[in-house]
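# Coordinate analysis (summary)
Given next are the chains, with one letter for each unit.
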Amino acid sequence: MGKIISLLFGVCLLMAANPVSAQRGLPGQVGLGIQMGTVDGLLFRDSHRDYRFWGALELTRYNRRHTYWNFSAECLRKDYLYRGITEDQVVPVAQFTAETGYNFPLLSDRGRHVSLVAGIAGLIGYETSG
């Protein structure tokens, strides 16, 4: 547990040392987002050696008039432990999803510091177990 806290503290120090900037939403600008995390806790594997994590990759493309497209792909993996009469069995479940959407501004202030955006999106997915 001490190694995890030390790692998180080091990551926070690195983030504080670098300047942070936001997307301006300029036409032709492209943004890339990478996300990852754990499911139901802080560890990628629990005490039963079961995996539980997720990850996502997102691409955003800004158009004229402050509209933008976004495309993302996500993966979630979680192992379930089933206790049987004679033996325990681990059943891995994985979900794969892909999403695309178009977003347009409804309301914003003059400098576009705060804006309300609406959009429409489509999502497809696939799940495996066993």
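Let me begin by describing the structure that accompanies this report.

Rules used in this analysis
Residues numbered from 1 in each chain as written. Predicted model: local features only at pLDDT ≥ 70, side-chain atom pairs only at ≥ 80, totals over all residues. Heavy atoms only, no water. Helix = DSSP H or I, 4+ residues; strand = E, 2+ residues; numbered from the N terminus. Buried < 20%, exposed > 50% of the residue type's maximum accessible area, 1.4 Å probe, protein only. Contact = heavy atoms within 4.5 Å. Areas by Shrake-Rupley, 256 points an atom, 1.4 Å probe, with all protein chains shown as cover. Pairing = 2+ DSSP bridges. Polar contact = N/O pair within 3.5 Å; in protein donor to acceptor, adjacent residues only side chain to side chain. Phe/Tyr/Trp six-rings, centres within 6.5 Å; stacked < 30°, edge-to-face > 60°. Patch = residues over 30% accessible without salt bridge, like charges linked within 9 Å, V, L, I, M, F, W, Y side chains within 5 Å. Salt bridge = Lys/Arg side-chain N within 4 Å of Asp/Glu carboxyl O.

## What to know about the overall build of the protein
Within the protein one finds one helix and five strands. Written out in order from the N terminus, the α and β elements of the protein read α-β-β-β-β-β. Across the 130 residues that make up the protein, the buried fraction comes to 16%. A sequence separation of at least 24 residues applies to 44% of the contacts in the protein between residues at least 6 apart. A total accessible area of about 10,400 Å² is found for the protein, and carbon and sulfur atoms account for 61% of it.

## Observations regarding the pairing of strand 5 (residues 115–129)
Where strand 4 (residues 88–108) meets strand 5, 15 bridges bridge the pair, whose relative direction is antiparallel. Across the sheet, the residue bridging to F104 is A118, located in strand 5. In this structure, the hairpin formed by strand 4 and strand 5 is closed by a connection of six residues, where R112 is found at a positive phi of approximately 55°.

## Considering the side chain of N103
Of note, N103 is situated in strand 4. A polar atom in the side chain of N103 sits 3.4 Å from the side chain of N70. The residues contacting N103, other than those within four sequence positions of it, are T67, Y68, N70, V117, A118 and G119.

## Here's the deal with unusual backbone geometry
For R65, which is not a glycine, the phi torsion comes out positive at approximately 60°. Along the polypeptide, R65 turns up in the loop between strand 2 (52–62) and strand 3 (68–83). On the accessibility criterion, R65 (76% relative accessible area) is exposed. The phi dihedral of H66 falls on the positive side, at around 60°, and the residue is not glycine. In this fold, H66 is placed in the loop between strand 2 and strand 3.

## A look at the environment of V90
Inspection of the secondary structure puts V90 in strand 4. The sequence separation of V90 and Y80 amounts to 10 residues, and the corresponding C-alpha distance is 5.6 Å. Here V90 is in contact with D50, D79, Y80 and L81, once residues within four sequence places are set aside.

## What about the packing of aromatic side chains?
Where two aromatic rings form a pair, the distance of their centres and the angle of their planes describe that pair. Enumeration over the complete set of coordinates arrives at four aromatic pairs. Relative to F71, the ring of W69 lies with its centre 6.4 Å away and its plane at 5°, an arrangement referred to as stacked. An aromatic cluster is built from W69, F71, Y102 and F104, whose rings are joined through pairwise contacts.

## Description of a nonpolar patch on the surface
A contiguous nonpolar surface patch, about 680 Å² in accessible area, is contributed by V30, L32, I34, L57, L59, W69 and F71. Of all the secondary structure elements, the ones that give two or more residues to the nonpolar patch are strand 1 (30–38), strand 2 and strand 3. Per-element accounting of the nonpolar patch gives the leading share, three residues, to strand 1. Relative to the elements of secondary structure, L59 occurs in strand 2. On the accessibility criterion, L59 (36% relative accessible area) is partly exposed.

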